[in-house]
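# Overview (structure and organization)
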Amino acid sequence: DAYNNLANLKRAEHQLPEAIAQLKLAVQASPRNPNYYLNLGSAYSDYEQYSSAAEMFQTVIKLAPNFARAYTACGEALVRAAEAGQQTELSALTKAEELFTMAVELAPLEIATVRKLVRVQAALGKTEQALGVLKKIEEGVKSSTKIEGRAEFLEEIEAEKRR
């Protein structure tokens, strides 16, 4: 934990190479701890090394396959890698779509991830599929009365459908 804590301080001070070095030590000390890989991936992403970030998030997924945030983070890293020219756009967006889809399956009420999935699908020319995702989520939200912020969530879905 000492390496991870020091890395968090370095990240807060925007000393990303030092943070990455400390997180690599944390990973070496505890190679089965998905949080260290998540933090390392986040530090790589902050340092705009998106392909490396995606690799770390993939490791998190292997270690903790039900961790929705890891799928979202990996998808985001791939989209950014494509935007930065670090990966081919079609390949990165196709993989990002798979990752966001899994994240939505694991955490269907996370509207930010739903948005990311829909935007990637639209970028891939899958407009009907994107609208289908929104409709499926909307139906699930409408049928549940136990969702806190239900009305606001439905408003966000409607706004996303108008995009």
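Let me sum up the structure you'll find in this document. Treat the numbers as computed from the prediction; the structure is a model and nothing was measured.

### Concerning helix α7 (residues 111-123)
Helix length check: α7, at 13 residues, gives a terminal C-alpha distance of 18 Å against a target of 18 Å (1.5 Å per residue), a fit within 8%. Here α7 has its buried residues at Ile111, Thr113, Val114, Leu117, Val118, Val120 and Gln121. After α7 finishes, the residue Gly125 shows a positive phi value of roughly 80 degrees.

### What to know about the environment of Pro17
On the secondary structure map, Pro17 appears in helix α2 (residues 16-29). Between the C-alpha atoms of Pro17 and Glu105, which are 88 residues apart in sequence, the distance is 34 Å.

### Section: unusual backbone geometry
Positive phi outside glycine occurs at His14, with the angle close to 60 degrees. Looking at the secondary structure, you find His14 in the loop between α1 (2-12) and α2. Of note, Glu48 is a non-glycine position whose phi angle comes to about 65 degrees, a positive value. Relative to the helices and strands, Glu48 resides in the loop between α3 (34-46) and α4 (50-63).

Cut-off values and rules
Residues numbered from 1 in each chain as written. Predicted model: local features only at pLDDT ≥ 70, side-chain atom pairs only at ≥ 80, totals over all residues. Heavy atoms only, no water. Helix = DSSP H or I, 4+ residues; strand = E, 2+ residues; numbered from the N terminus. Expected span 1.5 Å × (residues − 1). Buried < 20%, exposed > 50% of the residue type's maximum accessible area, 1.4 Å probe, protein only.

So yeah, pure geometry; function would need other evidence.
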